[in-house]
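# Secondary and tertiary structure notes
Here is how the chains run, residue by residue.
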Amino acid sequence: MNEIIKTILTRKSTRSYKEDQMLDSDLELLIDAAIHAPTGGNSQSWNFTVIQNKEKLLELNSLVKESFANLIVDENTYRSKRTGKISSQQETYSFYYNAPTLIIVSNAREYSNAMADCSAAIENILLAAKSLGLASCWINQLTWFCDEEKMRKTLTDYGIPENYIVCGAVALGYSASNDDKLVPRKKADVNIIR
């Protein structure tokens with residue numbers, strides 16, 4: 001099996017991180033991998049915001065907790081939003097799992113391929129992280145709440161353009177877990193037309 005396929009098949013989401021920060025050279029490689037993802041019409045209009053400042057991460061966490069507190073859910077609400085609302089009530093809640101690095105990926109609100117382009121970039125970050133021995137997890141809370149007034153102001157203060165929406169984020173660091181067991185994948189419906 002070649003290394004690329006092996007990396008894809010062994011990548012997993014990590015939700016427990018050591019405090020140790022990654023090397024700057026590894027961060028540069030992750031961003032380089034992200035900008036080599038495909039984009040619609042080669043637009044390359046994404047924005048990458050790297051947060052390694054603990055106080056800024058805690059500020060975002062507080063805003064996410066506030067957003068969850070104000071979120072009205074019912075049985076039709078996306079399951080992760082329902083469970084997130086419950087989890088966010090715990091004092092120890094951290095939407096980014098206390099990872100030392102969070103990369104926020106955003107794109108122009110009016111650009112119709114924003115989510116697809118950013119998703120491809122995020123996947124490149126996840127795979128590059130695995131290949132560098134780093135742990136990672138795709139984070140959606142900032143996507144859900146980026147248009148809330150306090151959150152939007154903070155994201156703008158962090159350098160995300162006012163007309164950009166958060167399409168996703170990635171928690172990154174070194175795993176604090178010894179569990180390297182992979183989650184089994186469901187069988188997919190595959191239709192081959194020849």
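Right above here is the structure, for reference.
Every value quoted in this text rests on a predicted model; they were computed, and no experiment measured them.

What counts and how
Residues numbered from 1 in each chain as written. Predicted model: local features only at pLDDT ≥ 70, side-chain atom pairs only at ≥ 80, totals over all residues. Heavy atoms only, no water. Buried < 20%, exposed > 50% of the residue type's maximum accessible area, 1.4 Å probe, protein only. Helix = DSSP H or I, 4+ residues; strand = E, 2+ residues; numbered from the N terminus. Expected span 1.5 Å × (residues − 1). Arc of directions from axis to C-beta. Contact = heavy atoms within 4.5 Å. Polar contact = N/O pair within 3.5 Å; in protein donor to acceptor, adjacent residues only side chain to side chain. Salt bridge = Lys/Arg side-chain N within 4 Å of Asp/Glu carboxyl O.

### With respect to unusual backbone geometry
Of note in the backbone geometry, N42 takes a positive phi value of approximately 55 degrees without being a glycine. For N42, a relative accessible area of 55% corresponds to the exposed category. Positive phi, close to 60 degrees, is recorded for Y97, a residue that is not glycine.

### As for helix 3 (residues 54-70)
The end-to-end C-alpha distance of helix 3 is 25 Å, a good match for the 24 Å that 17 residues give at a rise of 1.5 Å each. Regarding helix 3, the residues found buried are L57, L60, N61, L63, V64, S67 and F68. The buried side chains of helix 3 occupy one side of the element, clustering within an arc of 165 degrees when seen end-on. Residues of helix 3 that are exposed and angled more than 90 degrees away from the buried face: E55, A69 and N70. Buried residues along helix 3 sit against strand 1 (47-51), helix 4 (79-87), strand 2 (101-108), helix 6 (141-145) and helix 7 (149-157). If you check the start of helix 3, you find a side-chain oxygen 2.9 Å away from the backbone N of E55, and it comes from N53.

### Some thoughts on the pattern of salt bridges
Using the criterion set out here, one finds 3 salt bridges in the structure. The partner of K150 in a salt bridge is E66, and the shortest N-O contact between them spans 3.0 Å. Taken together, the residues K150 in helix 7 and E66 in helix 3 connect sequence positions 84 residues apart. For R109, the salt bridge identified is with D147, shortest N-O distance 2.7 Å. Of this pair, R109 sits in the loop between strand 2 and helix 5 (114-131) while D147 sits in the loop between helix 6 and helix 7, and the two are 38 residues apart along the sequence. Owing to a relative accessible area of 40%, R109 belongs among the partly exposed residues under this scheme.

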